[in-house]
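Notes for the structure review
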Amino acid sequence: MNIETLAIRATHITDANASAVAPPIYLSTTFEREPDISLPHGHVYSRTSNPNRDALEHAYALLEGGKVGMAFASGQAATATIFQCLSPGDHVIIPDDAYYGTPALLEEVMQRWGLRYTRVDMTDIEALERAFDNTKLVWLETPSNPMLKITDIQAIASTAQALGALVVCDNTWATPVLQRPLDLGCDVVMHSATKYFGGHSDLLSGALIFKENNHWAEKARRVQALGGAVAAPFDCWLILRGLKTLALRVRQQSENAAKVAEFLSQHARIAAVHYPFLKNHEGYEIAQQQMKMGGGMLSIQLKGGEKEALKLKSKVKLFIRATSLGGVESLIEHRATAEGVHSVSPKNLLRLSIGLEHPDDLIEDLAQALQ
Ligand SMILES: *Cc1c(COP(=O)(O)O)cnc(C)c1O
């Protein structure tokens, strides 16, 4: 099945009670037992399972081509869960460029519980091999945040697995519409469903999808059930609704972003445009192989440093000055400001999340702000 059809079918639920085409929301925290103590629908208590979460988790597995899907209270809760499946003394390798919360979680929380970590340039396979040291998990993020570096998923996954590590890919920016890391050899996919999955900047949620129903998936299930960072029924319902238009949105956002990137790459006041489908991008060849389109995200670096970046940000009229991404509205932000103490982002960098406005209007807005 093509992803468009899959997105509609995987999110459809047969409602046994009322034959409703749009599913009901089960807010109930608890579920009734039969006199013989059996549970007719398998649910006991909503921290362990809930009908809306079950439906979403089923859809996640189908969309990413895995066996097990899990829905969390946020992307960070999903990330924390997979780290909590490791033990003190274990080592994790993460990319030098990654969503700032991933290293921040390792540095401020996980390290105190005995996890060690190293940041590596994932375009350098030898550097990855050299960094191995009782390494149990290798984390990928491609395109990366905020530099849009491209990692060769297949190459890194096979190298890391040969050395005995679990390979997890943060697929938030690409989504399964553009890239399916499990098909390219990864063991686990992570998502901030807050972004493209929800798609409307109105919910916080996260996902893990496991290629196999193995001991890692089982462990993660237990950490989730006991830790309790589960997605609420209403959020699950909203994400299921969002997923139905995921392919449409992501394709249009990619098309718009490619046009904006092209415009900015020609502009005299821009020092660099980071967008994987621009021909001069360092990861262009690999991006062409593993991604269907370039995605809706891009970063730019301005000539004249931080001052010029902040000036551009203050002058836009259509773009909304806010953090986050993946919604229908275009956003612009100065990453160094948003990231704070852990920031390694260049000071002259602005990150753009391209929405569903007409690309000509977005380009016109940037053109006037750059004048
Ligand atoms: C937003 C984001 C996260 C964190 O997800 P939350 O839902 O904010 O907890 C992780 N990775 C990437 C790439 C993100 O964009």
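Being a predicted model, the structure only gives us computed values, none of them experimental. (Residues numbered from 1 in each chain as written. Predicted model: local features only at pLDDT ≥ 70, side-chain atom pairs only at ≥ 80, totals over all residues. Heavy atoms only, no water.)

A few words now on the overall build of the chain. Secondary structure assignment for the chain yields 14 helices and twelve strands. Whereas a compact globule of 371 residues would reach a radius of gyration of roughly 21 Å, the chain reaches 21 Å, a difference of no more than 12%. Taken along the three principal axes of its C-alpha coordinates, the chain extends 75 × 50 × 35 Å. Among the 371 residues that make up the chain, the fraction classed as buried is 55%. (Helix = DSSP H or I, 4+ residues; strand = E, 2+ residues; numbered from the N terminus. Rg over C-alpha atoms; globule rule 2.2 N^0.38 Å. Buried < 20%, exposed > 50% of the residue type's maximum accessible area, 1.4 Å probe, protein only.)

Right, let's talk about the site of the ligand for a bit. In the neighbourhood of the ligand, 14 residues make up the surrounding shell, with Gln 76, Asp 170, Ser 192, Thr 194 and Lys 195 lying closest. A distance of 2.8 Å is found between an oxygen atom of the ligand and a side-chain nitrogen or oxygen belonging to Lys 195. Against a free-state accessible area of 380 Å², the protein chains account for coverage of 93% of the ligand. Among the elements of the structure, helix H3 (75-84) and strand E6 (188-192) are those that each provide at least two residues to the shell around the ligand. Among the residues making up the shell around the ligand, the classes are represented as four nonpolar, seven polar and three charged. (Near = heavy atom within 4 Å. Polar contact = N/O pair within 3.5 Å; in protein donor to acceptor, adjacent residues only side chain to side chain. Areas by Shrake-Rupley, 256 points an atom, 1.4 Å probe, with all protein chains shown as cover. Nonpolar A, V, L, I, M, F, W, Y, C, P; charged D, E, K, R; others polar.)

All right, on to the nonpolar core then. Counting residues in hydrophobic clusters, the biggest one holds 56 residues, and the most contacted among them are Tyr 60, Val 138, Leu 140 and Leu 243. For this core, the leading source of residues is helix H9 (residues 233-244), giving six residues. Counting the residues that make up this core, at least three belong to each of domain 1 (3-244) and domain 2 (247-370). Once residues within four sequence positions are removed from consideration, Tyr 60 is found in contact with Gly 69, Met 70, Ala 71, Ala 193, Phe 197, Gly 206, Ala 207, Ile 209, Ile 239 and Leu 243. Counting residues in each nonpolar core, the second largest holds 29 residues, with Ala 77, Ala 80, Cys 85 and Met 190 among its members. (Core = buried A, V, L, I, M, F, W, Y, C linked by side-chain atoms within 4.5 Å. Domains from an automatic or database assignment. Contact = heavy atoms within 4.5 Å.)

Per the counting criterion, the structure on display carries four aromatic pairs. Considering the side-chain rings of Phe 83 and Trp 139, the 5.7 Å spacing of their centres and the 45 degrees angle between planes classify their relative orientation as tilted. Remark: Trp 139 occurs in strand E4 (residues 135-141) and Phe 83 occurs in helix H3; sequence separation between them is 56 residues. The residues Phe 83 and Trp 139 share a single accessibility class, namely buried. Here the aromatic rings of Tyr 99 and Tyr 100 are separated by 5.3 Å at their centres, their planes lie at 65 degrees, and the arrangement is edge-to-face. Note that Lys 195 overlies the ring of Tyr 99, its terminal NZ or CZ placed 5.4 Å from the centroid. Here the guanidinium or amino end of Lys 219 rests over the ring plane of Trp 216, the centre of that ring lying 6.0 Å away. (Phe/Tyr/Trp six-rings, centres within 6.5 Å; stacked < 30°, edge-to-face > 60°. Lys NZ or Arg CZ within 6 Å of the ring centre and 35° of its normal.)

Attention shifts here to the packing of helix H10 (residues 246-265) against helix H14 (residues 359-370). Here H10 crosses H14 at 30 degrees, and the two axes come no closer than 9 Å. As the angle between them shows, H10 and H14 are arranged roughly parallel. Between H10 and H14 lies a crossing whose hand is right-handed. Note on element contacts: H14 touches H10 through Pro 359, Leu 362, Ile 363, Leu 366, Ala 367 and Leu 370, opposite Asn 256, Lys 259, Val 260, Phe 263 and Leu 264. For the contact of H10 with H14, a count of residues per class yields nine nonpolar, one polar and one charged. (Axes fitted to C-alpha atoms, helices over the stretch in contact; angles between N-to-C directions. Parallel < 35°, antiparallel > 145°, perpendicular 65-115°, else oblique. Left-handed = near helix turned anticlockwise from the far one by under 90°.)

Moving on, we come to the sheet that holds strand E9 (residues 297-302). The mixed open sheet is built from five strands, whose spatial order is E8-E9-E12-E11-E10. Either end of the sheet is taken by a strand with one partner, and the two such strands are strand E8 (270-274) and strand E10 (320-321). Two strands pair when backbone bridges link them, and E9 and strand E12 (residues 349-353) are joined in this way by five bridges, in the antiparallel orientation. Residue pairing in the sheet places Ile 300 in a bridge with Leu 350 of E12. On the sheet, H10 packs against E8, E9 and E12 and is oriented at approximately 15 degrees with respect to E9. (Pairing = 2+ DSSP bridges.)

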